[in-house]
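So you can see what is in the structure, the chains are spelled out below.
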Amino acid sequence: MKSIHLLGATGSIGEQTLDVLANHPEEFKLVSLAYGRNTATALPYIEKFQPELISVQGTETAHELRGLLTYHPEIVTGKEGLIAVAEAGSPGDILVNAVMGSVGLPPTLKAMESGKDIAIANKETLVTAGHIVTELQRKYGVKLIPVDSEHSAIYQCLHGDAKEVEKLILTASGGSFRDKARKDLQGVTVKEALNHPNWSMGAKITVDSATMMNKGLEVIEAHWLFGVDYDDIDVVLHKESIVHSMVEYVDGSILAHLGTPDMRVPIQYALTQPSRLAIPGSRRLKLWEAGALHFEKMDYERFRALKLAIQAGREGGSAPAVLNAANEQAVAMFLEDRIRFLEIDEFVERALEEHETLTAPSLEEILEIDQKTRSSVADYSR
Ligand code: NDP
Ligand code: MG
């Protein structure tokens, strides 16, 4: 029986993680969870799993939850609450980090220090502080297991000597606007951006898919997870989202991971690896239904956010933290209808230009840069 702690329980990845746990009660026990404000979604899960410790974003939510529960768990709040969940339980437990955004960074570091393996969906953590996360991983001998479908695919396709790997090839669906030219993106709406052709995900990552920033964050994520140079990470457009990603070896062989676009598969694998648990036939890929698979060369001018992200990744130091914070802020403003779609890339580019990169920022410096960048970007639209 594995003990699981879950950050971001009410989100898209969070709920799918709870579904995996519910399907295998003999394998997993949910010890603690954190969500933000969505008590209506959280309540039935909390009653079902009865975790000992629950973290919520504010005291009002804590009060509301306490009034509704039929048992008496410990309830904690805020950033300290996320840390309490990260530190709960015992070494060897798994923390699933499925919060959205760089708020997931401090709890990830604490969970590693307390000897937990991390199933990481929260890519913003690796983007903002990859050098710190990988250093702690080595220091504490814990695992960092990818949940993101592309990285899970690569993790499963990697075999043998690292020197034999020629390239990692990430696939990109192209997002909601893949068939539009850049000049046609001027007046696109929030509703249109949220209409992803293949995956059903949280709002922020769906917008990131439409700008292709998501793939940019994933390139940086792959760099840190697998220790591969930016020169050896490629992105290819693949509109069917059936091939989740690939590894090319020095002899020209390419190993690919195929499956339906269903995040419960990589989530489950992150919790069971290297073993696997069966899923029902109805959820399996029928190759004859998938039919033809298409691959296209990436257009870095059309998808400017991808280019910006790779540049920031190559620059390293504090640059990716600025990229991420600017993007989180700009996407939040776009979702509130305060800026236009194309201003997301513009604001991220401007924030990067204005930033003086630090080579190896500490956690404190990263958190400060994160806050400063968010407030500068908020001012761009005034
Ligand atoms: P959602 O927006 O659906 O969910 C976010 C979760 O985080 C919610 O439970 C929310 O709580 C919680 N949360 C947000 N801010 C805070 C905070 N300050 N304190 C406590 N909890 C907070 O996001 P997704 O599930 O789509 O994505 C989560 C992460 O996984 C992201 O990093 C994303 O990039 C990554 N990812 C997602 C994929 C997907 O298919 N969705 C695929 C691959 C990666 P509440 O709503 O209760 O306020
Ligand atoms: Mg992904």
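Keep in mind it's a predicted model, so treat the numbers as computed, not measured.

**What to know about the overall build of the protein chain**
So, point 1. On a plain count of helices and strands, the protein chain comes out with 16 helices and 12 strands.
So, point 2. For the protein chain, whose C-alpha radius of gyration is 20 Å, the value lies close to the compact-globule estimate of 21 Å for 382 residues.
So, point 3. Counting across all 382 residues of the protein chain, residues that qualify as buried make up 46%.

**Focus on the pairing of strand β9 (residues 233-237)**
So, point 1. Pairing analysis gives 5 bridges linking strand β8 (residues 165-172) to β9, with the strands arranged parallel. Each residue of the ladder has a partner; that of Ala172, found in β9, is Leu237.
So, point 2. Looking at chain direction, β9 and strand β12 (residues 296-297) are connected through 2 bridges and run antiparallel. Pairing of Leu237 across the sheet is with Glu296, part of β12.

**Overview of the site of ligand 1**
So, point 1. Gly11, Gly36, Asn38, Met201 and Gly202 are the nearest of the 28 residues found near ligand 1.
So, point 2. Those elements giving two or more residues to the shell around ligand 1 turn out to be α1 (12-23), α6 (123-140) and α9 (203-211).
So, point 3. Residue classes in the shell around ligand 1 are distributed as 13 nonpolar, 10 polar and 5 charged.
So, point 4. Per-domain counts for the shell around ligand 1 show at least three residues from each of domain 1 (2-146) and domain 2 (151-305).

**Describing the sheet that holds β9**
So, point 1. Strand order across the open sheet formed by 5 strands is β11-β10-β8-β9-β12, with mixed pairing between neighbours. Of all strands in the sheet, those bounded by a partner on one side alone are β11 (254-258) and β12.
So, point 2. Running over the sheet, helix α10 (residues 213-226) touches β8 and β9 and is turned about 150 degrees from β8.

**What to know about the sheet that holds strand β3 (residues 53-56)**
So, point 1. Pairing is parallel across the open sheet formed by 7 strands, whose spatial order is β4-β3-β2-β1-β5-β6-β7. The strands lining the two open edges of the sheet, one partner per strand, are β4 (74-77) and β7 (144-146). For this sheet, the mean inter-axis angle between neighbouring strands, taken without regard to orientation, is 25 degrees.
So, point 2. Taken together, the 6 bridges between strand β1 (residues 2-7) and strand β2 (residues 28-34) define a ladder with parallel strand orientation.

**A closer look at unusual backbone geometry**
So, point 1. Put simply, Gln273 and Pro274 share a cis peptide bond, and its omega is 5 degrees.
So, point 2. The residue Pro274 is located in the loop between α11 (264-272) and α12 (287-290) in this model.
So, point 3. Non-glycine residue Met212 carries a positive phi angle of around 75 degrees.
So, point 4. For Met212, the location among the structural elements is in the loop between α9 and α10.

**Notes on the UniProt feature "binding site: NADPH" (unreviewed entry) in the protein chain**
So, point 1. UniProt records the feature "binding site: NADPH" (unreviewed entry) at Thr10, Gly11, Ser12, Ile13, Gly36, Arg37, Asn38, Asn122, Glu124 and Gly202, using the numbering of this structure.
So, point 2. Of note, Ile13 is situated in helix α1.
So, point 3. For Ile13, a count of 28 C-beta atoms within 10 Å puts it in the buried group.
So, point 4. Those residues in contact with Ile13 that sit more than four places away from it in its chain are Gly8, Ala98, Ala121, Val147, Met263 and Ile267.
So, point 5. With 14 C-beta atoms packed within 10 Å, Arg37 lands in the partly exposed category.
So, point 6. Each residue touching Arg37, except ones within four places of it in the same chain, is listed here: Gln57 and Thr61.

**Re the UniProt feature "domain: 1-deoxy-D-xylulose 5-phosphate reductoisomerase C-terminal" (unreviewed entry) in the protein chain**
So, point 1. UniProt tags residues 144-226 as "domain: 1-deoxy-D-xylulose 5-phosphate reductoisomerase C-terminal" (unreviewed entry).
So, point 2. The distance from the first to the last C-alpha atom of residues 144-226 is 10 Å, and the span holds 43% helix and 13% strand.

**Side note on the environment of Ala162**
So, point 1. Among the structural elements, Ala162 can be located in the loop between α7 (149-157) and β8.
So, point 2. Among the residues examined, Ala162 registers 9 C-beta atoms within 10 Å and is labelled exposed.
So, point 3. C-alpha separation for the pair Ala162 and Gly227, spaced 65 residues apart in sequence, amounts to 9.4 Å.

**Here we look at the nonpolar core**
So, point 1. Counting 106 residues, the largest nonpolar core has Ala309 and Val348 as its most contacted members.
So, point 2. Per element, the largest residue contribution to this core is 9 residues, and it comes from helix α14 (residues 319-335).
So, point 3. Apart from residues lying up to four places away in sequence, Ala309 is in contact with Met213, Gly216, Leu217, Val219, Ile220 and Leu323.

**Re the environment of Leu168**
So, point 1. Structurally, the position occupied by Leu168 is in strand β8.
So, point 2. Filtering out sequence-adjacent residues up to four positions away, Leu168 remains in contact with Ile154, Ala222, Phe226, Val228, Asp232, Ile233 and Val247.

What counts and how
Residues numbered from 1 in each chain as written. Chains lettered and ligands numbered in written order. Predicted model: local features only at pLDDT ≥ 70, side-chain atom pairs only at ≥ 80, totals over all residues. Helix = DSSP H or I, 4+ residues; strand = E, 2+ residues; numbered from the N terminus. Rg over C-alpha atoms; globule rule 2.2 N^0.38 Å. Buried ≥ 20, exposed ≤ 12 C-beta atoms within 10 Å, placed from the backbone. Pairing = 2+ DSSP bridges. Near = placed C-beta within 6 Å. Nonpolar A, V, L, I, M, F, W, Y, C, P; charged D, E, K, R; others polar. Domains from an automatic or database assignment. Contact = placed C-beta atoms within 7 Å. Axes fitted to C-alpha atoms, helices over the stretch in contact; angles between N-to-C directions. UniProt positions renumbered as here; feature names shortened; annotations may be inferred. Core = buried A, V, L, I, M, F, W, Y, C linked by C-beta atoms within 7 Å.

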